[in-house]
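Coordinate analysis (summary)
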Amino acid sequence: MTAATIVIACLIFVVMVLVGAGTYFYQVGIKRSRKDFLEVDPSLVKVDNPWEHEEEWLNSQPLETIHIQAEDDLSLTGYYIPAALPSERTVIVVHGYNSQGKEMGAFAKFYHEMGFHVLMPDNRGHGQSGGSYIGFGWPDRRDIMQWIRYILQQSGPEMTITLHGVSMGGGTVLMTSGEDLPEQVKCIVSDCAYTSVKDILTYQMKQMYKLPPFPLLPVTSLICKLRAGYFFGEGSALKQVAKTRLPILFIHGDQDTFVPFAMVHRLLAAAGGEKELYVVPGAVHANALFADKKEYVNRIRSFIEHHLSPLPEKTASRSVKARSKK
């Protein structure tokens, strides 16, 4: 066997190992599947899950199940709660990684109490929506735009829209912010979002596997492009917020080690519009609301009232009509 043959054989072996490893990481992190690794992550809350606290309230609401098509014809499902009184305000509440719309009941409840219609979509690859992969906010931003169009088509041009996302949902609404949004989208609330898909996966690869990002992350990114249609480097919340002039309220717990606290300062610095930062002392990842619910809601109420016109006392009701009900 010649030296050249040995070198070629070694290169083929290395490529096969990298492709195998990249495929494994794609299946663990990107492919739609059970994410058992989240159950053993010490940086996530495990005891007395606060996300379930408003399940009874949610079940008592006239919840409408809505189905629309994404731009790539994927089936998307969302859950809509009409405001108790006539209102020209709708909030789209976007869930995080490995979650679903109906798990956002605690957020839906306080917005509903503020007079909002509430839409809680299932992101692609989650809940009842279609999709074989998780988009980490990048393809999802186009889905949120489809939901915005749907709301305006059903409710009319007087409707104002607020976007609120938590964790991956926070990344999703920030990535949406850089798109060509209609004037009815007035403001954004981003809770514990990451700076980019590449940044958060680099961080998690080091945290969970003690591995450097190169060469595994670029290989996994290529596999993601081939199977899911996007490179990790494309999904940048930093670049998107730099393009927007929408006001953004950034929220982050100072004890967040799942999406590192430092990321919120980079996002705040990059944002091109009016911006506020609310740091929640002692809050771990995606737990800011439950760490100090009163202050959390007050901060959002103040932010909303500053950027939206006051609710009219009497106006014609324009609630979204669901295409189907569950």
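Quick note: structure is the one above.
The structure presented is a predicted model; accordingly, all values stated were derived computationally and were not measured.

With that settled, the discussion passes to the overall build of the protein. Assigned secondary structure in the protein consists of eleven helices and eight strands. Taken along its principal axes, the extent of the C-alpha atoms in the protein is 85 × 40 × 40 Å. Of the contacts formed within the protein by residues at least 6 apart in sequence, a portion of 77% connects residues at least 24 apart. In the structure as shown, the protein presents an accessible area of about 14,800 Å², 56% of it carried by carbon and sulfur atoms. Each charge sign in the protein was given a centre, from 33 positive and 33 negative side chains, and these centres are 5 Å apart.

Attention now goes to the packing of aromatic side chains. To describe a pair of aromatic rings, one takes the distance between the centres and the angle between the planes. This structure, assessed with the given rule, holds 14 aromatic pairs. On the numbers, 6.2 Å between centres and 75° between planes, the contact of Phe110 with Tyr296 is edge-to-face. Of this pair, Phe110 sits in helix 3 (residues 105-113) while Tyr296 sits in helix 11 (residues 293-307); the two residues are 186 residues apart in sequence, bridging distant segments of the chain. Like Phe110, the residue Tyr296 is buried in the burial classification. Three or more aromatic residues joined by ring pairs make a cluster, and in this case those are Phe107, Phe110, Tyr111, Phe116, Tyr278, Phe290 and Tyr296. Taking NZ or CZ as reference, Arg141 lies 3.6 Å from the ring centre of Trp138, over its face.

Where helix 4 (residues 138-155) contacts helix 5 (residues 168-177), the two axes come as close as 8 Å, and the packing angle between them is 70°. Of the possible angle classes, the one that applies to helix 4 and helix 5 is roughly perpendicular. As for the relative orientation of helix 4 and helix 5, their crossing is right-handed in sense. Along the contact surface, helix 4 presents Trp138, Asp140, Arg141, Ile144 and Met145, while helix 5 presents Thr172, Met175 and Thr176.

Right, let's talk about the pairing of strand 6 (residues 185-191) for a bit. Among the seven residues in strand 6, six count as buried, and that is most of the element. The sheet contact formed by strand 5 (residues 160-166) and strand 6 spans six bridges and is parallel. If you follow His164 over to strand 6, its bridge partner there is Val189. Tracing the backbone out of strand 5, into helix 5 and back to the parallel element strand 6 gives a crossover that is right-handed.

Moving on: the sheet that holds strand 2 (residues 75-81). Taken in spatial order, the eight strands make up an open sheet running 1-2-4-3-5-6-7-8, and their pairing is mixed. With one partner strand each, in any of the chains shown, strand 1 (64-69) and strand 8 (275-280) form the two edges of the open sheet. Ignoring which end each strand starts from, the neighbouring axes of this sheet average 20° apart. Direction of pairing for strand 6 relative to strand 7 (residues 248-253): parallel, over a ladder of four bridges. When the bridges of strand 7 are listed, Ile188 appears paired with Ile248. Across the sheet, helix 11 is in contact with strand 3 (89-94), strand 5, strand 6, strand 7 and strand 8; its angle to strand 6 comes to roughly 160°.

Turning to unusual backbone geometry, a few remarks are in order. Put simply, Phe214 and Pro215 share a cis peptide bond, and its omega is 5°. Among the secondary structure elements, Pro215 is positioned in the loop between helix 6 (197-209) and helix 7 (216-228). Phi at Asp73 is positive, roughly 70°, even though this residue is not glycine. Within the secondary structure, Asp73 is located in the loop between strand 1 and strand 2.

Membership of the largest hydrophobic core comes to 65 residues, with the highest contact counts inside it found for Ile30, Ile92, Phe136, Ile148, Leu163, Leu174 and Tyr230. Take this core: its biggest share by element is eight residues, from helix 4. In this structure, Tyr230 is in contact with Ile30, Tyr133, Ile134, Gly135, Phe136, Trp138, Pro139, Ser221, Cys224 and Lys225, ignoring residues within four places of it in sequence.

Before going further, it helps to examine the pairing of strand 4 (residues 117-121). Regular strands place their side chains on alternate faces of the sheet. Counting buried residues along strand 4, five of its five residues qualify, which places the element largely inside the surrounding structure. Where burial is concerned, the two faces of strand 4 agree: the one with His117, Leu119 and Pro121 and the one with Val118 and Met120 are both buried. Judged from the four bridges that link them, strand 2 and strand 4 form a sheet pairing that is antiparallel. Bridge pairing in strand 4 links Ile81 to Val118. Across three bridges, strand 3 lies against strand 4 in parallel orientation. Bridged to Val91 within strand 4 is Val118.

What follows is about the pattern of salt bridges. Evaluated as defined, the whole model comprises twelve salt bridges. Taking the shortest distance from any N to any O, the salt bridge between Arg142 and Glu71 comes out at 2.9 Å. On the criterion of sequence distance, the pair formed by Arg142 in helix 4 and Glu71 in the loop between strand 1 and strand 2 is long-range, its members being 71 residues apart. The exposure class of Glu71 is partly exposed, given its relative accessible area of 43%. Each of Glu71, Arg141, Arg142, Arg149 and Glu179 takes part in a single network of salt bridges with overlapping partners.

What counts as what
- For every chain, the first residue of the written sequence is number 1, and numbering continues from 1 along that sequence.
- Where local features are concerned, this predicted model is filtered to residues with pLDDT of at least 70; where side-chain atom pairs are given and counted, the filter is 80 or more; whole-chain, interface and lining totals use all residues.
- Side-chain numbers come from the whole structure's heavy atoms, not from hydrogens or water.
- The helix and strand labels rest on DSSP assignments: H or I over at least four residues marks a helix, E over at least two residues marks a strand, and numbering proceeds from the N terminus.
- Every residue pair with non-hydrogen atoms within 4.5 Å of one another is taken to be in contact.
- All accessible-area figures derive from a Shrake-Rupley calculation using a 1.4 Å probe, and residue coverage is judged against the displayed protein chains alone.
- Here the positive residues are Lys and Arg and the negative ones are Asp and Glu; neither His nor the chain ends is included.
- Every charge is mapped to an atom, namely NZ of Lys, CZ of Arg, CG of Asp or CD of Glu.
- Only centres within 6.5 Å qualify two rings of Phe, Tyr or Trp (six-membered ring in Trp) as a pair; their planes then separate them into stacked at under 30 degrees, edge-to-face at over 60, and tilted for everything else.
- Remark: exposure states derive from per-residue accessible area (1.4 Å probe, protein chains only) relative to the maximum for the residue type, with buried under 20%, exposed over 50%, and partly exposed in between.
- Here, a charge over a ring means that NZ of Lys or CZ of Arg falls within 6 Å of the ring centre while also lying within 35 degrees of the ring normal.
- Inter-axis angles, ranging from 0 to 180 degrees, are taken between N-to-C directions of lines fitted to C-alpha atoms, where helices are fitted over the stretch in contact.
- In what follows, roughly perpendicular refers to angles from 65 to 115 degrees, roughly parallel to angles under 35, roughly antiparallel to angles over 145, and oblique to any angle outside these ranges.
- By convention the crossing between two helices is left-handed if the near helix lies anticlockwise of the far one by an angle smaller than a right angle, and right-handed if it lies clockwise.
- Criterion used throughout: strands pair if DSSP finds at least two bridges between them.
- Throughout, right-handed denotes a crossover for which the path from the first strand over the helix to the second runs clockwise when the strands point away from the viewer.
- By convention a nonpolar core is built from buried Ala, Val, Leu, Ile, Met, Phe, Trp, Tyr and Cys residues, the set being connected through side-chain atoms within 4.5 Å.
- Salt bridges are defined as contacts in which a side-chain nitrogen from Lys or Arg sits within 4 Å of a carboxyl oxygen from Asp or Glu.

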